[in-house]
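Listed below, chain by chain, are the residues.
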Amino acid sequence: MSDNIKPVVGVIMGSSSDWEVMQHATRMLEEFGVPYQAQVISAHRMPHDMVAYGARAYNDGIRAIIAGAGGAAHLPGMMAALTEVPVFGVPVPSRYLKGEDSLLSIVQMPKGVPVATFAIGEAGAANAALHAIATLAMTNPQLREKLLAFREKQTAAARAMTLPPSA
Ligand code: RP5
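Residues numbered from 1 in each chain as written. Predicted model: local features only at pLDDT ≥ 70, side-chain atom pairs only at ≥ 80, totals over all residues.

Draft legend 1. Representation of the overall build of the protein. When helices and strands are counted, the protein shows six helices and five strands. Along its sequence from the N terminus, the protein presents helices and strands in the succession β-α-β-α-β-α-β-α-β-α-α. Scaling as 2.2 N^0.38, a compact globule of 167 residues should have a C-alpha radius of gyration of about 15 Å, and the protein matches this with 17 Å. Dimensions of the protein, computed from the C-alpha atoms along their principal axes, are close to 55 × 40 × 30 Å. A burial count over the protein gives 37% of its 167 residues as buried. Counting contacts in the protein only where the partners sit at least 6 residues apart, residues at least 24 apart contribute 68% of the total. (Helix = DSSP H or I, 4+ residues; strand = E, 2+ residues; numbered from the N terminus. Rg over C-alpha atoms; globule rule 2.2 N^0.38 Å. Buried ≥ 20, exposed ≤ 12 C-beta atoms within 10 Å, placed from the backbone. Contact = placed C-beta atoms within 7 Å.)

In structure tokens, the structure reads:
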């Protein structure tokens, strides 16, 4: 996203190895023309950077944070604890537990500090972006029109689906 447009969505992830999944969120934001900023912020390798990011997010104009992480995925929950900006968590598939560890780490937030948690992997990343878009669209009629058009296109594609003849 161009540097001179102020980002309204922050896309953060624990490692560059999460990018393969998380780029499905940024692609969706680009499709809708929503300005975002994507970067690596690791909860356990960059804890002070994580705290600083959370402290300035709202004042920087960020209105939704999409946070992806894998394994013992602390980043979304910690970010939710650090800011009032809504956090959308994306469980990134892990090598040994295939992302079930990531999912449970993100979704099982104790009462009081929510993280809206999405599916493991690509669908979760894309849906986190769509949910951020839907949230922003409630106060942005142009964005709402784009969202309605996106849904309409999906509906038309599903209606046009055909099945092969049965064997
Ligand atoms: C987490 O550890 C990251 O979110 C990533 O999913 C996982 C593995 O990180 P790397 O070892 O690939 O950097 O913090």
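Draft legend 2. Molecular detail of the nonpolar core. Core analysis: the largest hydrophobic core is formed by 44 residues, its most contacted members being Ala25, Ile65, Ile66, Val90 and Ala129. Counting residues per element, the ones that place at least two in this core are β1 (9–13), α1 (19–31), α2 (47–56), β3 (64–70), α3 (75–82), β4 (87–92), α4 (100–107) and α5 (122–137). It is α5 that provides the largest number of residues to this core, a total of seven residues. (Core = buried A, V, L, I, M, F, W, Y, C linked by C-beta atoms within 7 Å.)

Draft legend 3. Structural detail: the site of the ligand. Around the ligand lies a shell formed by Met13, Gly14, Ser15, Ser17, Asp18, Ser42, Ala69, Gly70, Gly71 and Val92. Among the residues forming the shell around the ligand, the class breakdown is three nonpolar, six polar and one charged. (Near = placed C-beta within 6 Å. Nonpolar A, V, L, I, M, F, W, Y, C, P; charged D, E, K, R; others polar.)

Draft legend 4. Layout of the sheet that holds strand β2 (residues 36–40). With parallel pairing, the five strands of this open sheet are ordered in space as β2-β1-β3-β4-β5. Looking at which strands have only one partner, the edges of the open sheet turn out to be β2 and β5 (116–117). As paired elements, β3 and β4 share six bridges and run parallel to each other. Looking across to β4, one finds that Ile66 is bridged to Phe88. (Pairing = 2+ DSSP bridges.)

Draft legend 5. Representation of the environment of Leu97. By the secondary structure assignment, Leu97 is in the loop between β4 and α4. C-beta crowding within 10 Å serves as the criterion here: with 13 such atoms nearby, Leu97 is assigned to the partly exposed category. Note: C-alpha distance between Leu97 and Gly70 (27 residues apart in sequence) is 9.8 Å.

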